[in-house]
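# Fold and geometry: a report
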Amino acid sequence: MRRAGFITFLVATMLAAAIWRALQDYPTRLFDLYPLYYGGLAWLHAGSAYALDAVVPATDQGYQILRVGNIYPLPTVLVTLPLTLLPPQAAGTIWVVLLVGGLIAALRLLGGSFWFLLYLPILEAVRIEQYTAFVVILQIVALWALRQHRWWILALCCALILTKPNHGLMFVLAVAFLSGKWRSIAAVTGVFWVGSIVLDPAWPGEWLAALARHEALLHQPFLWPVALLAVPLLYVRDLVGAAVVLQFLILPFPGIYAASSLSLSLLHDSRVRWLSAASFLWPFPAAVIGTAWATVLVLVVPSVALGILMRSRLSSGLPVKA
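These lines cover the structure that appears in this document, whether it is placed above or below.

Parameters at a glance
Residues numbered from 1 in each chain as written. Predicted model: local features only at pLDDT ≥ 70, side-chain atom pairs only at ≥ 80, totals over all residues. Heavy atoms only, no water. Core = buried A, V, L, I, M, F, W, Y, C linked by side-chain atoms within 4.5 Å. Buried < 20%, exposed > 50% of the residue type's maximum accessible area, 1.4 Å probe, protein only. Contact = heavy atoms within 4.5 Å. Phe/Tyr/Trp six-rings, centres within 6.5 Å; stacked < 30°, edge-to-face > 60°. Helix = DSSP H or I, 4+ residues; strand = E, 2+ residues; numbered from the N terminus. Patch = residues over 30% accessible without salt bridge, like charges linked within 9 Å, V, L, I, M, F, W, Y side chains within 5 Å. Areas by Shrake-Rupley, 256 points an atom, 1.4 Å probe, with all protein chains shown as cover. Salt bridge = Lys/Arg side-chain N within 4 Å of Asp/Glu carboxyl O. Axes fitted to C-alpha atoms, helices over the stretch in contact; angles between N-to-C directions. Parallel < 35°, antiparallel > 145°, perpendicular 65-115°, else oblique. Left-handed = near helix turned anticlockwise from the far one by under 90°. Nonpolar A, V, L, I, M, F, W, Y, C, P; charged D, E, K, R; others polar.

The subject of this paragraph is the nonpolar core. Within the largest apolar cluster, 104 residues are counted, with the highest numbers of intra-cluster contacts made by Ile140, Phe171, Leu262 and Leu264. Discounting residues that sit within four places of it in the chain, Leu262 has contacts with Tyr119, Val244, Val245, Phe248, Leu299, Val300 and Ser303.

Pasting the structure below:
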């Protein structure tokens, strides 16, 4: 895609996302951005990012999203803190626009397939304003930085990815191993976490308490057996592919957006379009066997199979792209 065409596509898509989000009328004004937005307000005005009752409107008291509360660590809240300068509707709109633009720009930077934008987990992550979509953007940029030997950009991306450790930890371990830049990554990550503790020494304990309340309320399942599918990917040396599968070991399954990173090691293969197309079959088995195992069947297994096929062709000297 030529530069003019890309800019036109980028602007048009971001504008469409802005119009769509501005027209949404959620009862709580925000979707999954809610805990981060009000967590930021609570930290600024009440001194704790986990005391949402102090800042949310009284009309929100009956909604489950408030009972679940903020389960993000303070570094995550600080990343999205500028959004608290805006009213909730505007904050949600700007956030969705940034996610859409960020995904498109990151794919362009990496040279990845734009078919990834139609991958159902990604669409769902953007639709519900999930921080996971931001993590995926960072993961794509990190892969570019790894390829281009831009080590400090890689370290910064990894530090930001770890603001949602239950989605990005295994990925960071994989790229740290591949790059050998453990010290740079650890140093930048330490700035985020140690700095946040200096700002608010009480937050780690409050965060752990919030996690315990979340688990007691929702009881989200862990898909432990899925980790076995990482073994063949490790065998064919697809460390990034194996890492995003292994992430299910520490990620309680919250919904389809948890699978957003599965295609990361496949973005240069044109057959990723078939993964995007197949992802739209997900609702059918989800209605029969449940969302968790439908995710394994429709999303994880095809991604693993394509990863093995791609690496096998690469090692045999055959063209990788279909």
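For the coordinates displayed, the defined rule picks out 14 aromatic pairs. Between the aromatic rings of Tyr37 and Tyr38, the centroid separation amounts to 5.0 Å while the plane-to-plane angle is 85°, which identifies the pairing as edge-to-face. Consider the rings of Trp193 and Trp203, whose centres lie 5.7 Å apart with planes at 45°: the pair is tilted. Here Trp203 lies in helix 11 (residues 203-218) and Trp193 lies in helix 10 (residues 182-199), a separation of 10 residues in the sequence. Note on Trp203: relative accessible area 1%, which makes it buried. Among the aromatic residues, those joined into a ring-pair cluster are Tyr72, Trp95, Tyr131 and Phe134.

The grouping of Leu169, Leu173, Phe177, Leu178, Trp182 and Ile250 at the surface amounts to a nonpolar patch, some 550 Å² of accessible area in total. Among the structural elements, Leu173 can be located in helix 9 (residues 165-179). Exposure remark for Leu173: the relative accessible area of 39% places this residue in the partly exposed category.

To continue, consider helix 8 (residues 151-161). Along helix 8, the positions that sit buried rather than exposed are Leu154, Ala155, Cys157, Cys158, Ala159, Leu160 and Ile161. Here the buried face of helix 8 lies against helix 4 (74-79), helix 7 (131-148), helix 9 and helix 10.

Between helix 7 and helix 8, the shortest axis-to-axis distance is 9 Å and the interhelical angle comes to 160°. Taken together, the axes of helix 7 and helix 8 lie roughly antiparallel to each other. Between helix 7 and helix 8 lies a crossing whose hand is left-handed. Contacts between helix 7 and helix 8 involve Tyr131, Val135, Leu138, Gln139, Val141, Ala142, Trp144, Ala145 and Leu146 on the former and, on the latter, Trp151, Ile153, Leu154, Cys157, Leu160 and Ile161. When the residues that make up the contact of helix 7 with helix 8 are grouped by side-chain class, the tally is 14 nonpolar, 1 polar and no charged.

A positive phi is found at Arg29, a non-glycine position, where the angle reads about 75°. Note on placement: Arg29 falls in the loop between helix 1 (3-22) and helix 2 (34-46). The phi torsion at Glu129 lies on the positive side, around 65°, for a residue other than glycine. Summarising the element assignment, Glu129 is placed in the loop between helix 6 (120-127) and helix 7. Overall, Glu129 belongs to the buried group, its relative accessible area being 0%.

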